[in-house]
Amino acid sequence: MQNNGRMRRELIKGILIMGMGLLVSCGSPNKTYNKLPLDATILAFGDSITYGYNAPREASYPTILSELSGMEVINRGISGEKAFEGRIRLQNELETYRPELVLIELGGNDFLARRSENLVKEDLRAMIGEVKAHGAIPVLIAVPEFSMTAVVLGMPSDASLYRELAKEEEVLLISNAIGDVLKHESLRSDQIHPNSAGYYQLAESVYEALKKAGLL
């Protein structure tokens, strides 16, 4: 009887471990790319987190990413922007800067406004399609969902729509980069924005993810 109980526990443990492995593997498509040339342009497209709200302009994550990579990174973050607004302006940005790579970071303001996640997802999907149509590589940066756990307890987690969308559209997802900053009081200026040190960590996370994917 004891042996049967032990075997049953080991079987359940094995199933749980397998399940956890599946959850991790589904988090982001395992994509690899050709390395970008050093003269390539990266467009950082997003809201206040891309802009660098509550920090000096030179401390924004696109500026730091440019320093880390040695490449041109254009900061086109607009504070307060929602996904549907970004969808409207993206084409002009693509035509103006003609980037090889576009980092898309949007959705946080939509979540704060309690906008439907399905609508946010489709706005982001349209932006991914627009980037591809211009011959550039889209990269999605996941944004934490709005919840009492995230805001009050300081335990943000990525909204599930980013993982789903990245898998559906087969694009690189940079997950947990923002959430890992916002969970530390020393790295944020308020509940939803990093401080200078937080933006630096965010830039390092983005840089390492792009390197791992073979882009840098």
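Residues numbered from 1 in each chain as written. Predicted model: local features only at pLDDT ≥ 70, side-chain atom pairs only at ≥ 80, totals over all residues. Heavy atoms only, no water.

Chemist: What is the right way to read the packing of aromatic side chains from this model?
Modeler: In this description, an aromatic ring pair is defined by two values, namely the gap between the centres and the angle between the planes. In the structure shown here, the tally under the stated rule is one aromatic pair. A ring pair is formed by phenylalanine 111 and tyrosine 162, whose centres lie 6.4 Å apart and whose planes are at 85°; its orientation type is edge-to-face. With a gap of 51 residues between them, phenylalanine 111 in helix α5 (residues 108–112) and tyrosine 162 in helix α8 (residues 160–169) connect regions that are remote in the sequence. Look at tyrosine 162 and you get buried, because its relative accessible area is 0%. (Phe/Tyr/Trp six-rings, centres within 6.5 Å; stacked < 30°, edge-to-face > 60°. Helix = DSSP H or I, 4+ residues; strand = E, 2+ residues; numbered from the N terminus. Buried < 20%, exposed > 50% of the residue type's maximum accessible area, 1.4 Å probe, protein only.)

Chemist: Got a minute to help me understand the pattern of salt bridges in this structure?
Modeler: By the definition in use, this model includes 13 salt bridges. Arginine 76 is the salt-bridge partner of glutamate 93, the closest N and O atoms lying 2.9 Å from each other. In this pair, glutamate 93 is assigned in helix α4 (residues 83–97) and arginine 76 in strand β2 (residues 72–77), connecting sequence segments 17 residues apart. Classification of glutamate 93 by relative accessible area gives buried; the value is 4%. We note a salt bridge from lysine 132 to glutamate 169, for which the minimum N-O separation is 4.0 Å. Here glutamate 169 lies in helix α8 and lysine 132 lies in helix α6 (residues 117–133), a separation of 37 residues in the sequence. The exposure class assigned to lysine 132 is partly exposed, which follows from its relative accessible area of 37%. (Salt bridge = Lys/Arg side-chain N within 4 Å of Asp/Glu carboxyl O.)

Chemist: Quick question: what am I supposed to make of helix α3 (residues 61–69) here?
Modeler: Owing to its 3.6 residues per turn, the α-helix brings residues three or four apart onto one side. Along α3, the residues that are buried comprise Tyr61, Pro62, Ile64, Leu65 and Ser69. The buried side chains of α3 occupy one side of the element, clustering within an arc of 160° when seen end-on. Taken together, the buried residues of α3 touch β1 (41–46), α2 (48–51), β2, β3 (101–105), β4 (137–141) and α10 (196–212). After α3 finishes, the residue glycine 70 shows a positive phi value of roughly 75°. (Arc of directions from axis to C-beta. Contact = heavy atoms within 4.5 Å.)

Chemist: Even after reading the chapter, I still don't get the nonpolar core, so can you show me in this structure?
Modeler: General note: in soluble globular proteins, nonpolar side chains tend to be found buried as a group. In this structure, Tyr61, Leu103, Leu124, Tyr162, Val206, Leu210 and Leu215 are the most contacted members of the largest nonpolar core, which totals 57 residues. The leading source of residues in this core is α10, at six residues. (Core = buried A, V, L, I, M, F, W, Y, C linked by side-chain atoms within 4.5 Å.)

Chemist: Looking at this structure, I do not really get the packing of α3 against α10. What am I missing?
Modeler: Axes are the key here: two packed helices are described by the angle between their axes and the distance separating the axes. Their axes nearest at 8 Å, the elements α3 and α10 cross at an angle of 50°. One way to sum up the angle between α3 and α10 is to call them oblique. Handedness of the crossing formed by α3 with α10: right-handed. Together, Tyr61, Ile64, Leu65, Leu68 and Ser69 of α3 and Tyr199, Tyr200, Leu202, Ala203, Glu204, Val206 and Tyr207 of α10 make up the contact between the two elements. Residues of the contact of α3 with α10, tallied by class, amount to ten nonpolar, one polar and one charged. (Axes fitted to C-alpha atoms, helices over the stretch in contact; angles between N-to-C directions. Parallel < 35°, antiparallel > 145°, perpendicular 65-115°, else oblique. Left-handed = near helix turned anticlockwise from the far one by under 90°. Nonpolar A, V, L, I, M, F, W, Y, C, P; charged D, E, K, R; others polar.)

Chemist: What is the right way to read the side chain of asparagine 109 from this model?
Modeler: Turning to its location among the elements, asparagine 109 is positioned in helix α5. Contacts of asparagine 109, omitting those with residues within four sequence positions, involve Asp47, Gly80, Glu81 and Lys82.

Chemist: Explanation requested: the sheet that holds β3 in the structure shown.
Modeler: Strand pairing in a sheet relies on backbone hydrogen bonds, with the paired strands running either antiparallel or parallel. Sheet architecture is open: five strands sit in the order β2-β1-β3-β4-β5, paired in parallel fashion. Only two strands of the sheet have a single partner each, and these edge strands are β2 and β5 (172–174). Direction aside, the axes of adjacent strands within the sheet are offset by 20° on average. Examined bridge by bridge, β3 and β4 share four bridges and lie parallel to one another. The residue bridging isoleucine 104 from the neighbouring strand is leucine 140, located in β4. Strand contacts of α4: β1, β2 and β3, with the helix running at about 165° to β1, the strand carrying the most contacts. (Pairing = 2+ DSSP bridges.)

Chemist: I keep staring at the packing of α4 against α6 and nothing clicks. Help me out?
Modeler: One can describe the packing of α4 onto α6 by two numbers: an axis separation of 9 Å at closest approach and a directional angle of 5°. Judged on the interaxial angle alone, α6 and α4 are roughly parallel. Between α4, through Ala83, Phe84, Gly86, Arg87, Leu90, Gln91 and Leu94, and α6, the contact on the second element is made entirely by Val120, Glu122, Asp123, Ala126, Met127, Glu130 and Val131. Across the contact of α4 with α6, the residue classes tally to eight nonpolar, two polar and four charged.

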